[in-house]
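# Analysis of the macromolecular model
Here is how the chains run, residue by residue.
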Amino acid sequence: MGSKQMEKMVIPFLSLKDITSLHGNEIHEAISRVVDSGWYLQGEAVRNFEEEYAHFIGTQHCVSCANGLDALTLMLRAYIELGRLRKGDEVIVPANTYIATILAITENNLTPILVEPNYETLQINPSLIKAKITERTRAIMLVHLYGRLAYTEEIATLCKKNDLLLFEDNAQAHGCRYNDKRTGSLGDCAAHSFYPGKNLGALGDAGAVTTNDATVAEIIRSLGNYGSSRKYVFPYQGRNSRMDEIQATILSVKLRHLDRDNALRQRIAADYYENINNPNIVLPQRTDNLQNVYHLFPILCEHRDNLQQYLQKAGIQTVIHYPIPPHKQACYKDWNTMQLPITERIAQEELSLPISPTMTTEQVAYVIKVINNYNTKHDCSLH
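Just so it is clear, the model here is predicted, and its values are computed rather than measured.

The rules behind each value
- Residue positions are given per chain, counting from 1 as you read along its sequence in written order.
- Selection of residues for local features in this predicted model requires a pLDDT of at least 70, selection of side-chain atom pairs for listing and counting requires 80 or more, and totals for whole chains, interfaces and linings are taken over all residues.
- Here the side-chain values reflect all heavy atoms present in the structure, with hydrogen atoms and water set aside.
- One speaks of a salt bridge when a side-chain nitrogen belonging to Lys or Arg is within 4 Å of a carboxyl oxygen belonging to Asp or Glu.
- Numbering of helices and strands runs from the N terminus; a helix is a DSSP stretch of H or I covering at least four residues, while a strand is a stretch of E covering at least two.
- The buried label goes to any residue with under 20% of its type's maximum accessible area, the exposed label to any with over 50%, and the partly exposed label to all in between, with areas taken from a 1.4 Å probe on protein chains only.
- Multiply 1.5 Å by the residue count of a helix minus one, and that product is the helix's expected span.
- For this analysis, a polar contact is any N or O atom pair within 3.5 Å, provided that within protein one partner can donate a hydrogen and the other can accept it, and provided that sequence-adjacent residues contribute only side-chain to side-chain pairs.
- Two cysteine sulfurs form what is called a disulfide whenever their separation falls within 2.5 Å.
- Geometry of aromatic contacts follows a simple scheme: Phe, Tyr and Trp rings, the Trp one being its six-membered ring, pair when their centres are within 6.5 Å, and the pair is stacked under 30 degrees between planes, edge-to-face over 60, tilted otherwise.
- Ring-over charges, as used throughout, are those where CZ of Arg or NZ of Lys falls within 6 Å of the ring centre and within 35 degrees of the ring normal.
- Axis angles are defined between N-to-C directions and span 0 to 180 degrees, where every axis is a line fitted to C-alpha atoms and, for a helix, only to the segment in contact.
- The crossing is said to be left-handed when, going from far helix to near helix, the turn is anticlockwise and less than a right angle, and right-handed when the turn is clockwise.
- Note on contacts: a residue pair is in contact if any heavy atoms of the two residues lie within 4.5 Å.
- We call Asp, Glu, Lys and Arg charged. Ala, Val, Leu, Ile, Met, Phe, Trp, Tyr, Cys and Pro are nonpolar, and the rest, Gly among them, are polar.
- The pairing criterion for strands is at least two bridges between them, as found by DSSP.
- Any residue with relative accessible area above 30% and no salt bridge may belong to a patch, with like charges joined within 9 Å and the nonpolar Val, Leu, Ile, Met, Phe, Trp and Tyr side chains within 5 Å.
- Using a 1.4 Å probe, the Shrake-Rupley method yields the accessible areas, and only the shown protein chains count as cover for residues.

Another aspect to go through is the pattern of salt bridges. Opposite charge on two side chains permits pairing when their charged atoms draw close. Summed over all chains, the structure comprises twelve salt bridges. Between Arg 77 and Glu 81 there is a salt bridge, with its nearest N and O atoms 2.9 Å apart. With Arg 77 and Glu 81 both in helix α4 (residues 68-81), this residue pair falls four residues apart, about one helical turn. Judged by relative accessible area, which is 33%, Glu 81 ranks as partly exposed. In this structure, Arg 182 and Asp 259 form a salt bridge, with 3.1 Å as the shortest nitrogen-oxygen distance. Remark: Asp 259 occurs in helix α10 (residues 258-275) and Arg 182 occurs in strand β7 (residues 181-182); sequence separation between them is 77 residues. Given a relative accessible area of 39%, Asp 259 falls into the partly exposed group.

Take a look at the structure:
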């Protein structure tokens, strides 16, 4: 690259305004239709999105709800109502997940069993799961963290051999594939978040659960509607957790473009993998590029904070995911003495680079060039 190309650029980590403008006209038209319809909850837009998303994921049922945490919580609650899970039952879960996954488990009076990730992949380490299975283990919760596939045949086999439920936290992996299936259809049930910054994001909070089990879907729908099976009839103690019509119609628009938008993320990730070359920086293991959807692009650096400052000075905004793991949080103080060295190392080293469908080739090239120029004694200038 010539010196002219190294002139300082300003690259946001993620511009939601730019993301929305990709499909702005369609979104505005869709919102106007809902506003003009006079029907804002439990209407046609929600039903249409549920059908479209179930078809996209490859499941028979999709039940929408208010947000991703509710999706996780209601999913587990449904299996409690069915008697498949009981208070104190153990759910194996990756230790380095975002705290929402853990909150849903403990809110249902279930016991999270934290399993270390593989440092190379950042996903739960399948070889460590078997030793964690006890007579109280009832489920494994996979988390497709960063938009990277966590599912393996080894994990599926463990579930079958031990009669365990297989749940998916698919909050970060809309459109991710395993062979000819998409994440969200690989286990018994899956939770999805449509938080605005996700690959498939609403303009507010929204979530959903996908499953092939009609009974589970029916219970989740009731639980999210105050526990009601029909008007004024309440077989369950539920909550109010419903997706509104405006969010549903926005998601329907963006769903039509999701595979294309994910392909743009995959292209940027390929550039990062092929061209970032710095001995101070570790890239997660590159698995099949066509499966992962790169909600985030994490890198690892022992001098993470110094690197972040250097990139910020160069105009490149980055985000740390997640600096304090769940077992070190004050809300789980009983776990604070737990030693999970790989999870803790990732928390100390992880830094997420910009990656989105709105990034230009020039911006990607700039990020790569700046990173390759980094050294631990750098004065944070662009020489």
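Further remarks concern α4. The end-to-end C-alpha separation of α4 is 20 Å, in line with the 20 Å expected for 14 residues at 1.5 Å each. Counting buried residues in α4 gives ten out of 14 residues, a clear majority hidden from the surface. Along α4, the positions that sit buried rather than exposed are Gly 68, Asp 70, Ala 71, Leu 72, Thr 73, Leu 74, Met 75, Leu 76, Ala 78 and Tyr 79. Capping the start of α4 is the job of one residue whose side-chain oxygen sits 3.2 Å from the backbone nitrogen of Leu 69: Asn 67.

For the coordinates displayed, the defined rule picks out zero disulfides. Not engaged in a disulfide, the cysteine Cys 65 finds its nearest cysteine sulfur in Cys 62; these two sulfurs lie 8.8 Å apart. Cys 159 provides the cysteine sulfur closest to Cys 176, a residue in no disulfide bond, and the two sulfurs are 18 Å apart.

The next point concerns the packing of aromatic side chains. Here the structure, examined in full by the defined rule, presents 13 aromatic pairs. Plain terms: the ring middles of Phe 49 and Tyr 53 are 5.4 Å apart, the flat faces sit at 20 degrees to each other, and that makes the pair stacked. Residue Phe 49 and its partner Tyr 53 are located together in helix α3 (residues 44-57), separated by four residues, close to a single helical turn. Tyr 53 shares its class with Phe 49; the two are buried. On the basis of an interplanar angle of 35 degrees and a centroid distance of 6.1 Å, the ring pair of Tyr 294 and Phe 297 is categorised as tilted. Both residues of the pair, Tyr 294 and Phe 297, count as buried. Taken together, the aromatic side chains of Phe 49, Tyr 53, Phe 56 and Phe 194 make up a single cluster linked through ring pairs. Over the ring of Phe 56 we find Arg 182, and its NZ or CZ is 3.9 Å from the ring centre. Above the plane of the ring of Tyr 119 lies Arg 345, whose end atom (NZ or CZ) is 4.0 Å from the centre.

What follows is about the packing of α3 against helix α9 (residues 245-255). Following both chains from N to C, one finds α3 and α9 inclined at 35 degrees, their axes separated by 8 Å at the closest point. Between α3 and α9 lies a crossing whose hand is left-handed. Two secondary-structure elements touch here, α3 through Glu 44, Ala 45, Val 46, Phe 49, Glu 52, Tyr 53 and Phe 56 and α9 through Glu 245, Ala 248, Thr 249, Leu 251, Ser 252 and Leu 255. Of the residues assigned to the contact of α3 with α9, the class counts are eight nonpolar, two polar and three charged.

On to the packing of α4 against helix α5 (residues 99-107). Axis separation between α4 and α5 bottoms out at 9 Å; the angle between their running directions is 35 degrees. Taken as a pair, α4 and α5 cross one another with a handedness that is right-handed. Taking contact as the criterion, the partners of Leu 69, Leu 72, Thr 73 and Leu 76 in α4 are, on α5, Ala 100, Thr 101, Leu 103, Ala 104, Ile 105 and Glu 107. Counted by class, the contact of α4 with α5 contains seven nonpolar, two polar and one charged residues.

Pairing is mixed in the open sheet, where seven strands are placed in the order β1-β9-β8-β5-β4-β2-β3. Of all strands in the sheet, those bounded by a partner on one side alone are β1 (61-65) and β3 (111-115). Across the sheet, the mean angle from the axis of one strand to that of its neighbour is 20 degrees, orientation sign disregarded. As paired strands, strand β5 (residues 165-169) and strand β8 (residues 189-193) are joined by three bridges and run parallel to one another.

Moving on to unusual backbone geometry. Keep in mind that most residues, glycine aside, have a negative phi and that most peptide bonds are trans. Here the bond from His 321 into Tyr 322 is cis, since omega is -5 degrees, no more than 30 degrees from zero. We note that Asp 163 has phi near 55 degrees; this positive angle belongs to a residue other than glycine. Along the chain, Asp 163 turns up in the loop between α7 (153-161) and β5. Here Asp 163 falls in the exposed class, since its relative accessible area comes to 62%. Although it is not a glycine, Asn 179 adopts a positive phi angle of roughly 55 degrees. By relative accessible area, which is 55% here, Asn 179 ends up exposed.

Looking now at a nonpolar patch on the surface. On the surface, Tyr 226, Tyr 232 and Phe 234 cluster together into a nonpolar patch covering about 400 Å² of accessible area. Tracing the chain through its elements places Tyr 226 in the loop between α8 (214-223) and α9. According to the relative accessible area criterion, Tyr 226 is partly exposed, its value standing at 42%.

That's the geometry; what it means functionally is another story.
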